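# Summary of structural features
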Amino acid sequence: MDPFDAGAGGLLRQPKSVWATAGASVVAFMGIGLVDPILPSIAQGLDATASQVSLLFTSYFLITAVAMLVTGFVSSRIGGRRTLLLGLAFVVVFAGLAGTSGSVGELVGFRAGWGLGNALFVSTALAVIVGAAAGGSAAAILLYESALGLGMACGPLLGALLGDASWRYPFFGTAFLMAVGFLCIAVFLKEQPKPARKTSLLDPIKALGHGGLASAAVSAFFYNYTFFTVLAFTPFVLNMTPYKSGAVFFAWGVLLAVFSVIVAPRLQKRFGSLKVLGGSLVLLAADVLVLGYGSHTAAVVCTILSGAFIGVNNTVYTELALGVSDAPRPVASAGYNFVRWFAAAAAPFFAPKIEEWTDVHIPFVVAALTAVAGAAVVVVRRKALTLPQALDSARAGGTPTAEEPEPKHATEGGVTVFVN
């Protein structure tokens, strides 16, 4: 089946509940990159240093990482719809409060509450979309990945447009959009069936006892450090106006979306997941080195180009996390995301600190080394990470095989995939 087919069950013929969830997902993913173009403005407005403002990412993703152990526990008990609404309510409240902050400490604290809400929402969204979508998992997952890419692209753009007037406006804008998403899901999405077995808080940790899943998580940890060095530290290096910075990261997000949804599956089908992942990580390492040592123009080009490699990596890591382990997919994904999001919390904190201790180039050297470390884990642990050949090629093409039945995210109910 072609998931782009506009016929019955195709990507464009989905129930209102699916479009409501996907639309809210776009806004949720926008929240990740929203602060990118306004980080210098926030620092100036609150009289804060770059390292202090970067805690906006650290607090957000630290809470997100820990929440990965909680979201499955919650959604398997109260259901997917209520979990989505609870997450959206948290985002509306804390995004709105973030816009009223009088100090960087307050803003960091409100951003942490926002991260909890986003984790509850986004970690459940794919399960809900798959459960409610017409046309099987291929169209549903493609729709989810498209929402991710669109949100990552539009977040910096919205931050720039609203942030040019005041750094507070993007936070108020997000709260408003998420309130609209709350109403749409409340109206259009019916309650999802609860799983037969409730997820415990320790199930994701136990799942990491599988060598393949643990290897994927460790490799993704190193990769995420590189990813979020680019996302959180580069705006200070570029030192551009919110409009220009927003345009750079919009182009970055467009490449991320295109390479995640369209290019990566074709590369996987031709070369295999592990070769694609290892090669993309090495190219990302080279890209961030040029970003750190090149001219300002080179830094802009390499920032945008990194979106292509990040898009490919996101897709392949998702495939590995969902397929390499024998644990239920929601549980395996929760354990995987629990590990890798700690790197997303660490990079925004350590990158500006490393600059203070050394110079502006060294944070990118560290980021290049972590990307290479991620590739090294893939090479050394390739046997543990190898998917069955038929399964690997089928996933790349988006078609289930006899070895890979249709996913059961909706009935397994817990955490699925969180933003790549």
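A brief report on the enclosed structure follows. (Residues numbered from 1 in each chain as written. Predicted model: local features only at pLDDT ≥ 70, side-chain atom pairs only at ≥ 80, totals over all residues. Heavy atoms only, no water.)

### With respect to the overall build of the protein chain
Defined as follows: To qualify as a helix, a DSSP run of H or I must reach at least 4 residues; to qualify as a strand, a run of E must reach at least 2; elements of each kind are numbered from the N terminus. In what follows, residue pairs with any heavy atoms lying within 4.5 Å of each other are defined as contacts. Here the open area of atoms and residues is found with the Shrake-Rupley method and a 1.4 Å probe, where only the protein chains shown may cover a residue.
Of the regular secondary structure elements, the protein chain holds 18 helices and 0 strands. Within the protein chain, residue pairs in contact and separated by at least 24 positions form 86% of the contacts whose partners lie at least 6 positions apart. Carbon and sulfur atoms make up 68% of the accessible area of the protein chain, which amounts to about 15,200 Å² in all.

### Focus on the environment of Val70
Heads up, the condition is: Working definition: with a 1.4 Å probe on protein chains only, accessible area under 20% of the residue-type maximum means buried, over 50% means exposed, and in between means partly exposed.
Checked against the element boundaries, Val70 lands in helix 4 (residues 55–78). You can call Val70 partly exposed: its relative accessible area is 33%. The spacing of Val70 and Ala334 is 264 residues in sequence and 9.0 Å in space, taken between C-alpha atoms.

### Comments concerning the side chain of Ser215
Tracing the backbone through its elements, the reader meets Ser215 in helix 10 (residues 211–238). Apart from the residues lying within four places of it in its own chain, the contact partners of Ser215 are Val377, Arg381, Ala384 and Leu385.

### Side note on the environment of Ile310
By the element assignment, Ile310 lies in helix 13 (residues 296–323). Judged by its relative accessible area of 0%, Ile310 is buried. Along the backbone, Ile310 and Leu281 are 29 residues apart, and their C-alpha atoms lie at a distance of 8.4 Å. Among residues more than four places away in sequence, those in contact with Ile310 are Tyr223, Phe227, Trp252, Leu256 and Leu284.

### Points about the packing of aromatic side chains
So the rule is basically this: Aromatic pairs are defined between Phe, Tyr and Trp rings, using the six-membered ring for Trp, whenever the two ring centres lie within 6.5 Å; interplanar angles under 30 degrees are classed as stacked, those over 60 as edge-to-face, and all others as tilted. Think of it as a cone above the ring: NZ of Lys or CZ of Arg counts as a charge over the ring if it is within 6 Å of the ring centre and within 35 degrees of the ring normal.
Counted according to the given criterion, the structure contains 17 aromatic pairs. Judged by centre distance (5.3 Å) and plane angle (20°), the ring pair of Tyr223 and Tyr317 falls under stacked. Residue Tyr223 is found in helix 10, and its partner Tyr317 is found in helix 13; the two are separated by 94 residues along the sequence. Side by side, Tyr223 and Tyr317 carry an identical accessibility label, which is buried. Clustering of aromatic rings is evident, with ring pairs tying together Tyr60, Phe61, Trp114, Trp167, Phe171, Tyr223, Phe227, Phe228, Phe249, Trp252, Tyr317 and Trp341. The side chain of Arg77 reaches across the aromatic face of Phe73, ending 3.7 Å from its centre. In this structure, Arg111 packs its charged tip against the face of Tyr60, placed 4.1 Å from the ring centre.

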